[in-house]
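The primary structure of each chain is shown beneath.
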Amino acid sequence: MTDALPLFVYGTLMAGQAQAGLLGALGRRAAQVRGALYRLPAGYPALVADDAGWVHGELVDPPSAPVLALLDTYEGVDEGLYRRIVCDVRVGLRTQPAWAYVMDAAQARRGRRVEDGRWRPVRRR
């Protein structure tokens, strides 16, 4: 059952970020996926699934179905902002399938490419 897959996170859901609490105390480990990372004007990141490079983030232990439903709402899946897809995630030397939230129109939404694929929120003073 695909609902039992882990979740790749790369922005506001990562440990220490604004919405990390949505994933509770689930285990996390460093991971990467193929793709491009964009910073959107609204202040959050978007992953575009392609072969452009590597996006760095965390692989989170499988969330429950209710948590996935909550995350789908948070990520705007029903509104078409993000899609939740299964992708190959690299953890060390191993690759495994996991859920990830991707955006199809990051550039059309005036996203700016984050060349090193590592999310860093902009701190406001």
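Below, the discussion takes up the nonpolar core. Core analysis: the largest hydrophobic core is formed by 36 residues, its most contacted members being L7, F8, Y10 and V89. Secondary-structure elements contributing two or more residues to this core are β1 (7–9), β2 (28–34), β3 (36–39), β4 (45–48), β5 (54–60), α1 (65–74), β6 (83–91) and β7 (94–102). The element that contributes the greatest number of residues to this core is β7, accounting for 5 residues. Ignoring sequence-local partners within four residues, the contact set of Y10 consists of L37, P45, A46, L47, V55, H56, G57, Y82, Y101 and W119.

What follows is about α1. Within the sequence span of α1, burial applies to L68, L71 and D72. Taken around the axis of α1, the buried residues stretch over an arc of 105 degrees, which confines them to a single face. Structural note: α1 exposes P66 and T73 on the side pointing more than 90 degrees away from its buried face. Buried residues belonging to α1 abut β1, β6 and β7. In the segment just after α1, G76 is the residue with positive phi, at about 70 degrees.

On inspection of all chains with the given rule, the structure shows 2 aromatic pairs. Taking 6.5 Å as the distance between ring centres and 50 degrees as the angle between the ring planes, the aromatic pair formed by Y44 and Y82 counts as tilted. Taken together, the positions of Y44 in the loop between β3 and β4 and Y82 in the loop between α1 and β6 put the pair 38 residues apart, joining distant regions of the chain. A cation sits over an aromatic face here: R34 above W54, 4.7 Å from the ring centre. We note R90 situated over the ring of W54; from NZ or CZ to the ring centre the distance is 4.0 Å.

Let us now look at the sheet that holds β4. Taking strand neighbours across the sheet as the criterion, the 3 strands line up as β4-β3-β8 in an open arrangement whose pairing is antiparallel. Of all the strands in the sheet, the pair left with one neighbour each is β4 and β8 (112–114). Across the sheet, the mean angle from the axis of one strand to that of its neighbour is 40 degrees, orientation sign disregarded. For β3 and β4, the ladder comprises 4 bridges, and the chain directions are antiparallel. Paired with Y38 across the strands is A46, a residue of β4.

What counts, and at which threshold
Within every chain, residues take consecutive numbers counted from 1 along the sequence as written. The predicted origin of the model limits local features to residues at a pLDDT of at least 70 and limits the giving and counting of side-chain atom pairs to 80 or more, whereas totals for whole chains, interfaces and linings rest on all residues. Computation of side-chain values covers all heavy atoms of the structure but excludes hydrogens and water. Take the buried residues of types Ala, Val, Leu, Ile, Met, Phe, Trp, Tyr and Cys, join any two whose side-chain atoms come within 4.5 Å, and each joined set is a nonpolar core. Between buried and exposed lies partly exposed: a residue is buried under 20% and exposed over 50% of the maximum accessible area for its type, with that area taken using a 1.4 Å probe on protein chains only. Every helix listed is a DSSP run of H or I at least four residues long, and every strand listed is a run of E at least two residues long, numbered separately from the N terminus. Residue contacts follow a heavy-atom distance rule, with two residues in contact if any of their heavy atoms lie within 4.5 Å. As used here, the arc belongs to the directions running from the helix axis to the C-beta atoms. Stacked, tilted and edge-to-face are the three classes applied to pairs of Phe, Tyr and Trp rings, where Trp contributes its six-membered ring and a pair requires centres within 6.5 Å; stacked means planes under 30 degrees apart, edge-to-face means over 60, and tilted covers the rest. As a reminder, the over-ring test applies to NZ of lysine and CZ of arginine, requiring each to be within 6 Å of the ring centre and within 35 degrees of the ring normal. Any two strands with at least two DSSP-identified bridges between them are counted as paired. Whenever a helix is involved, its axis is fitted only over the stretch in contact; in every case the axis is a line through C-alpha atoms, and angles between N-to-C directions fall within 0 to 180 degrees.

Geometry only, nothing functional implied.
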